[in-house]
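One-letter residues, chain by chain:
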Amino acid sequence: MVQTLMAEHGMSQRKACVSSGIARSTLRYCHKQSDDSGVIQFIEAYMATNPRHGFGLLYASARYQGQPWGKTVLWRVYCQLRLNLPRRGKKRLPARLKQKLDAGEQPNQGWSCDFMADALWSGRKFRTFNVIDEFNREGLRIEIDTSLPASRVIRALDELVEVRGAPLSIRLDNGPEFIAHTLADWAKSKGIALKHIQPGKPTQNAYVERFNRTYRTEVLDCYVFESLQEVRDMTADWLHRYNHHRPHEALGSIPPVQYRVQQFPNLYF
């Protein structure tokens, strides 16, 4: 329209822009094609290693690693790669009184543990015994086997105590392995208090339950395993990334080990 006014009526560019209501800067604007190759390479490499992570964790990891791109650039390329999958709507629950779950104020003050179950490609079932530190949600151990009786649980905990020292308490549910007299005797000998949650109240052990969900989403539901050794190898690799590289939202979007080092720089395990 501006060009028409200039050609037919002999107007200057300024008057033609005023008459048509178009800013002169719009005529001079030239779109610059940005080079997104570095962003694409970073996103593809990150998603190849963490296929179940969303944009929030991707952005937090980019900031933690000191990448130069901002949130807008990452989101634009993220959408161009069609990685922005639709979110499932939240289930509406009735209002209820929320009580904050107390966590330890320092490492090794309290541990949480729980069991999970899954199956290999052949249909053979296996279980995992997960232990975390409530202070920084750090995954301490994931024991994997077809059977995990109380004696195996005690052995795993005993090895952890030798490395990190005995915690003041361990939070657990009322499974048969956790209410066994052998476990109670072992905890008493180490000076550890066993905190059993109320039956049917998994929210009282919410820290390890949230850890279980992440482990299932990013490992157990993400891959097909043909042997227990494959599960152990993939779990060990994921646990290292979870503790040292995966940003944790509740810790200020930094990994659990980094959070522990910041809070207690002179404490080593």
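Before reading on, note that the structure itself is shown above.
Summary of the structure given here. (Residues numbered from 1 in each chain as written. Predicted model: local features only at pLDDT ≥ 70, side-chain atom pairs only at ≥ 80, totals over all residues. Heavy atoms only, no water.)

**Brief notes about the side chain of Glu-138**
Heads up, the rule is: We count a stretch as a helix when DSSP gives it H or I for four or more residues in a row; a strand needs E for two or more, and each element gets its number in order from the N terminus. Whether two residues touch is decided by their heavy atoms; if any such pair falls within 4.5 Å, the residues are in contact.
Looking at the element boundaries, Glu-138 is found in strand E3 (residues 138-145). With sequence-adjacent residues up to four places away left out, Glu-138 is seen in contact with Val-131, Ile-132, Asp-133, Arg-164, Asn-243, Pro-256, Val-257 and Arg-260.

**Considering the environment of Ala-150**
Our working rule: Think of it in three bands: residues with accessible area under 20% of the maximum for their type are buried, residues over 50% are exposed, and the middle band is partly exposed, with areas taken using a 1.4 Å probe on protein chains only.
Following the sequence through the fold, Ala-150 ends up in helix H7 (residues 150-164). Under the relative-accessibility criterion, Ala-150 is labelled buried at 14%. Every residue in contact with Ala-150, bar those within four places of it in the chain, is listed here: Glu-177, Ala-180 and Thr-182.

**Considerations on the layout of surface pockets**
So the rule is basically this: Points on a 1 Å grid, built from protein atoms alone, make a cavity when a 1.4 Å probe fits but cannot get out and make a pocket when they are open with protein on both sides within 12 Å along at least 5 of 7 lines; residues with an atom within 4 Å of a point are the lining residues. Grid points are joined across faces, edges and corners, and a volume is the space filled by probe spheres set on the points. Side-chain classes are defined by residue name, with Ala, Val, Leu, Ile, Met, Phe, Trp, Tyr, Cys and Pro counting as nonpolar, Asp, Glu, Lys and Arg as charged, and the others, Gly among them, as polar.
Its boundaries defined by the atoms lining it, the second largest pocket holds a volume of some 190 Å³. Taken together, 13 residues make up the lining of the second largest pocket; nearest its centre are Glu-138, Gly-139, Leu-140, Leu-160 and Arg-164. Of the residues assigned to the lining of the second largest pocket, the class counts are five nonpolar, three polar and five charged.

**A look at the pattern of salt bridges**
The line we're drawing: One speaks of a salt bridge when a side-chain nitrogen belonging to Lys or Arg is within 4 Å of a carboxyl oxygen belonging to Asp or Glu.
A complete count under the given rule lists 16 salt bridges for this structure. One salt bridge in this structure joins Glu-143 and Arg-141, with 2.8 Å as the shortest N-O distance. For the salt bridge of Arg-152 with Glu-143, the shortest nitrogen-to-oxygen distance reads 2.9 Å. Under the relative-accessibility criterion, Glu-143 is labelled buried at 9%. Through salt bridges with shared partners, a single ionic network connects Arg-141, Glu-143, Asp-145, Arg-152, Glu-159 and Arg-232.

**Quick word on the packing of helix H5 (residues 55-64) against helix H6 (residues 71-80)**
Definition in use: Axis definition: a line fitted to C-alpha atoms, over the contacting stretch in the case of helices. Angles run 0 to 180 degrees between N-to-C directions. When describing relative orientation, an angle under 35 degrees is termed roughly parallel and one over 145 degrees roughly antiparallel, while 65 to 115 degrees is termed roughly perpendicular and anything else oblique. Note on convention: the crossing is left-handed when the near helix lies turned anticlockwise from the far helix by less than a right angle, right-handed when the turn is clockwise.
In contact at an axis separation of 11 Å, H5 and H6 are set at 135° when each is read in the N-to-C sense. In terms of axis orientation, H5 runs oblique to H6. Considering how the two elements wind past one another, H5 and H6 form a crossing that is right-handed. Contacts between H5 and H6 involve Phe-55, Leu-58, Tyr-59 and Ala-62 from the first element and Lys-71, Leu-74, Trp-75 and Tyr-78 from the second.

**A word on the packing of aromatic side chains**
So the rule is basically this: Between the rings of Phe, Tyr and Trp (Trp by its six-membered ring), a pair exists once the centres lie within 6.5 Å; its type follows the angle of the planes, with under 30 degrees stacked, over 60 edge-to-face, and the other angles tilted.
Taken as a whole and judged by the stated rule, the model has 16 aromatic pairs. Aromatic side chains Phe-135 and Phe-264 sit 5.6 Å apart centroid to centroid with 70° between the ring planes, which places their arrangement in the edge-to-face category. Here Phe-264 lies in the segment after helix H11 (256-263) and Phe-135 lies in the loop between strand E2 (125-133) and E3, a separation of 129 residues in the sequence. Note on Phe-135: relative accessible area 8%, which makes it buried. With a centroid separation of 6.4 Å and 55° between ring planes, the pair formed by Tyr-223 and Phe-225 is classed as tilted. Through a chain of ring-to-ring contacts, the aromatic side chains of Phe-55, Tyr-59, Trp-75 and Tyr-78 assemble into a single cluster.

**Concerning the pairing of strand E4 (residues 169-172)**
Note the threshold: A pair of strands is considered paired only if DSSP assigns at least 2 bridges between the two. We call a crossover right-handed when, viewed with the strands running away from us, the connection from the first strand over the helix to the second turns clockwise.
The alternating pattern of E4 places Ser-169 and Arg-171 and Ile-170 and Leu-172 on opposite faces, both of which are buried. In this sheet, E4 lies alongside strand E1 (residues 110-119) in parallel orientation, the contact comprising three bridges. Across the sheet, the residue bridging to Ser-112 is Arg-171, located in E4. Of the pairings in the sheet, the one linking E4 to strand E5 (residues 193-196) comprises four bridges and is parallel in character. Considered in E5, the bridge of Ser-169 is made with Ala-193. Between the parallel pair E4 and E5, the chain is carried across by helix H8 (residues 181-190), and the sense of this crossover is right-handed.

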